[in-house]
Amino acid sequence: MTPSEPADRGRFGRVIVTVIVAVALCFGAVAAGTVWNAGVRADRERAAHRHQVQAVTTGRAEDPPVAVRQDAGPQSVAAAVWEYPDNVRRSGTVQVPPRTPKGQTVTIWVDDAGSPARPPGSTSERAMTSFAGGVSVASVVAALEAGAVVLVRRRIGPHRLAAWEREWEQVEPVWSGRLRRGSGPDDDDA
């Protein structure tokens, strides 16, 4: 396809952009679905080894050092005691809501050994991760496709224009009624 007029080039460009966007969205959707399914499996596996238990704080809540903060939410830490597995008393530092007083009962997550652990992933976290993965893949695919189009146009463009010029040299005299180069008024083409 060789667009010759600005309107043709504009339509051709819109078609190329539409194809790039459609392909990128397809790849992004597949990537988002794959990340979602992997997250579901990982969360299911993690949930099988996480347990909620009641802990009693033995100290008041303090802000944790920046280096050990895990979540974006405003969490504090406090010393606490809990039992897990049954009748095995444990103690340690756990995340608690800010300003939790000493002696307060809080719900914490522990692993199979009874150590404090992060809760299983939430649907909203999984959705954000899937969305970010899909957008990342779609962006990379679109950039690669656009780069390929630019490279192909740079490579083919000069050859196409030279071929047009050669063809025009043959067609233009017939079309316009002008004499061909190298022919005079007395030369016959027959």
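Residues numbered from 1 in each chain as written. Predicted model: local features only at pLDDT ≥ 70, side-chain atom pairs only at ≥ 80, totals over all residues. Heavy atoms only, no water.

Student: Would you mind showing me how to read unusual backbone geometry here?
Tutor: With the exception of glycine, most residues fall at negative phi, and the peptide bonds are largely trans. Y84 connects to P85 through a cis peptide bond whose omega is -15°. With respect to the helices and strands, the residue P85 is situated in the loop between β2 (76–83) and β3 (89–96). A positive phi angle is found at N87, which is not glycine, with a value near 65°. Of note, N87 is situated in the loop between β2 and β3. (Helix = DSSP H or I, 4+ residues; strand = E, 2+ residues; numbered from the N terminus.)

Student: Looking at this structure, how should I read the pattern of salt bridges?
Tutor: If charged atoms from side chains of opposite charge come close, those side chains can pair. Evaluation of the coordinates by the stated rule reveals 2 salt bridges. Of the charged contacts in the structure, one is a salt bridge between D43 and R46, with a shortest N-O distance of 3.0 Å. Residue D43 and its partner R46 are located together in helix α1 (residues 6–48), separated by 3 residues, close to a single helical turn. Residue D43 is joined to R126 by a salt bridge in which the shortest nitrogen-to-oxygen separation is 2.4 Å. One end of the pair, D43, is in helix α1; the other, R126, is in helix α2 (residues 123–176), with 83 residues separating them in the sequence. The same class applies to D43 as to R126, namely buried. Each of D43, R46 and R126 takes part in a single network of salt bridges with overlapping partners. (Salt bridge = Lys/Arg side-chain N within 4 Å of Asp/Glu carboxyl O. Buried < 20%, exposed > 50% of the residue type's maximum accessible area, 1.4 Å probe, protein only.)

Student: Could you clarify how one ought to interpret the sheet that holds β3 in this entry?
Tutor: Taken in spatial order, the 4 strands of this open sheet run β3-β2-β1-β4, and their pairing is antiparallel. Strand pairing shows two members of the sheet lacking a second neighbour, β3 and β4 (105–110), which therefore form its edges. When strand polarity is set aside, the average angle formed by the axes of neighbouring strands in this sheet is 45°. Relative to β4, strand β1 (residues 51–57) runs antiparallel, the two sharing 6 bridges. The partner of A55 across the bridge, within β4, is V106. (Pairing = 2+ DSSP bridges. Axes fitted to C-alpha atoms, helices over the stretch in contact; angles between N-to-C directions.)

Student: Can you walk me through the packing of aromatic side chains in this structure?
Tutor: The description of an aromatic ring pair rests on the distance of the ring centres and on the angle between the ring planes. Within the structure shown, the criterion is met by 0 aromatic pairs. Between the NZ or CZ atom of R126 and the centre of the ring of W36, over which it lies, the distance is 4.6 Å. (Phe/Tyr/Trp six-rings, centres within 6.5 Å; stacked < 30°, edge-to-face > 60°. Lys NZ or Arg CZ within 6 Å of the ring centre and 35° of its normal.)

Student: Explanation requested: the pairing of β2 in the structure shown.
Tutor: Residues in a regular strand project their side chains so that they alternate between the two faces of the sheet. Looking at chain direction, β1 and β2 are connected through 3 bridges and run antiparallel. Residue pairing across strands places T57 opposite A80, the latter belonging to β2. Pairing of β2 with β3 involves 8 bridges; the strand directions are antiparallel. Opposite W82, over in β3, you have R90 as the bridge partner. A loop of 5 residues connects β2 with β3, the two strands running antiparallel in sequence, and N87 in this loop sits at a positive phi of about 65°.

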